[in-house]
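Topology and contacts: notes
One letter stands for each residue in the lines below.
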Amino acid sequence: METDITQLWVYLSTKPLTGLTITLVAYSIGFWLYQKSNRNPMCNPVVIAIALIAFLLKMTDTPYATYFEGAQFVHFLLGPATVALAVPLFRQTETLKRAMPVIVFGVLFGSLVASASTVLLAWALGASPETLASLAPKSVTTPVAMGIAENIGGVPALTAVCVIATGIVGATLGPMVMNMARLKDWRARGFAMGVASHGIGTARAFQVNETAGAFSGLAMGLNTMATAITIPFLWHWIFG
Amino acid sequence: MIAAFALILVCQLFGEVISELFDLPVPGPVIGLVLLFFGLLISRKPPKVLTDAADNLLIHFSLLFVPAGVGVVTQIDRLKGDWLPITASLIVSTLLAIVLTAMLMSKLLPKQTDVSTPDSAKDAS
């Protein structure tokens, strides 16, 4: 019986269907728990899904590459979804026209604070150069951040982990610290979430307030462009 | 729906081509975003199928980060060595960036005048 199950798993684990199914089931469990917890930000569906899948891979001794053969179909959608951000951005055209200089300034400011503070702090705590380069683009969406990390000598896989951790920290703790600072403007709150914690922060902002979500998407989209241009340039300029 | 999804993919494809052709540091999907945005500006009134397709893709945007996040299993050794600087700098810098940016934007964004979002107009003090 034991060997039958093992053989069955060996067979199944080579099928892309398994990795894809596991991803969707784990996320559904995470989302269900999130709703059960009255949308408590600490019950983030992404964290729950990643923890469940990582545990399963460890238990069954399945390599990440095997899992990714199925999960790549979900991963692929990151590209089209990034393009689709043009739609919520378009809905904010009026605001964009009225406040363009302020928005551009805000994005550059947030982007610089996010990457400079993380690199400085990690450096002060003794992180290796590869880790520093992997951390620098942590506030932009995964595919872009991985590209930037590669460009400046980081480890793209570590960057993916840092990007997702950043999104989770922003989505779970961000609203709390903004409440503590008595910041109430939904536009400013959403904007800050989008700049500092990309898609995961934006997903969270959309769940809380439509205006916050739109501003988050706007800030995230612009920050993606700003960071993709500024970090490689600054990095090569500062570190040669 | 299919036509809308095809249009999104076409934007991404053109984005990839432009990024590759001019050797830009900006990734293809981001250029695709810009292309679609300008397309929408020109058309003024985007077709409902397109906005529906985009909204559907974005509802569960966070799901799309799961496969990359599971990559944490390949980085255990590196995380063991540098876990303190990584954890501390991620948390501190993310929250710092959120609070400072939200403060700045609360001060700088023009006061809202339209009635469509009364919550923010009332609170933007």
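Residues numbered from 1 in each chain as written. Chains lettered and ligands numbered in written order. Predicted model: local features only at pLDDT ≥ 70, side-chain atom pairs only at ≥ 80, totals over all residues. Heavy atoms only, no water.

Domains assigned within chain B are domain 1 (1-59) and domain 2 (71-108). One C-alpha centre belongs to domain 1 of chain B, the other to domain 2 of chain B, and the line joining them spans 30 Å. (Domains from an automatic or database assignment.)

Because the α-helix completes a turn every 3.6 residues, residues three or four places apart line up on one side. Considering bend angle alone, the principal kink of helix 7 (residues 93-124) of chain A is centred on A99 of chain A and spans about 90°; proline P101 of chain A follows within four residues of it. G126 of chain A sits one or two positions beyond helix 7 of chain A and adopts a positive phi of about 90°. (Bend = angle between axes of the 7 residues up to and from the residue. Helix = DSSP H or I, 4+ residues; strand = E, 2+ residues; numbered from the N terminus.)

Time to look at the interface of chain A and chain B. Between chain A and chain B, the contact holds 101 residues from the first and 76 residues from the second. Summed over both sides, the interface of chain A with chain B buries roughly 7700 Å², with 81% coming from carbon and sulfur. When the area that chain A buries against chain B is broken down by residue, the three leading residues are V83, F90 and R187 of chain A, summing to 9%. Summed over the shared surface of chain A and chain B, the result is two salt bridges. With a closest N to O distance of 4.0 Å, R78 of chain B and E130 of chain A form a salt bridge. Where chain A touches chain B, the interface holds ten residue pairs in polar contact (both at pLDDT 80 or more). Residues belonging to the side of chain A that touches chain B are distributed by class as follows: 70 nonpolar, 24 polar and seven charged. (Contact = heavy atoms within 4.5 Å. Buried area = accessible area lost by both parts, 1.4 Å probe. Salt bridge = Lys/Arg side-chain N within 4 Å of Asp/Glu carboxyl O. Polar contact = N/O pair within 3.5 Å; in protein donor to acceptor, adjacent residues only side chain to side chain. Nonpolar A, V, L, I, M, F, W, Y, C, P; charged D, E, K, R; others polar.)

Within this structure, the stated rule accounts for seven aromatic pairs over all chains. On the basis of an interplanar angle of 40° and a centroid distance of 4.6 Å, the ring pair of W235 of chain A and F239 of chain A is categorised as tilted. With W235 of chain A and F239 of chain A both in helix 12 (residues 210-239) and four residues apart, this pair spans about one turn of that helix. Ring geometry for F61 of chain B and F65 of chain B: centres 5.3 Å apart, planes at 70°, overall edge-to-face. Each member of the pair, F61 of chain B together with F65 of chain B, is buried. (Phe/Tyr/Trp six-rings, centres within 6.5 Å; stacked < 30°, edge-to-face > 60°. Buried < 20%, exposed > 50% of the residue type's maximum accessible area, 1.4 Å probe, protein only.)

Attention now moves to helix 9 (residues 142-151) of chain A. T142, V144, A145, I148 and A149 of chain A are the residues of helix 9 of chain A that are buried. Looking down the long axis of helix 9 of chain A, one finds its buried residues gathered within 160° of arc, a one-sided arrangement. Against the buried residues of helix 9 of chain A lie helix 5 (78-84), helix 8 (129-135), helix 10 (156-180) and helix 12 of chain A together with helix 2 (28-43) and helix 4 (66-70) of chain B. At the C-terminal side of helix 9 of chain A, G153 of chain A shows a positive phi close to 90°. (Arc of directions from axis to C-beta.)

Attention shifts here to the confidence of the model for chain B. Residues and elements named next belong to chain B. Averaged over chain B, the pLDDT score is 85; the fraction of residues at 70 or greater is 88%. For chain B, helix 6 (residues 118-123) is the element with the lowest average pLDDT, namely 41, and helix 1 (residues 2-21) is the one with the highest, namely 94. Note that residues 114-125 has pLDDT below 50 and, in this model, 13 contacts with residues that lie over four places away or in other chains. (pLDDT = per-residue confidence, 0-100.)

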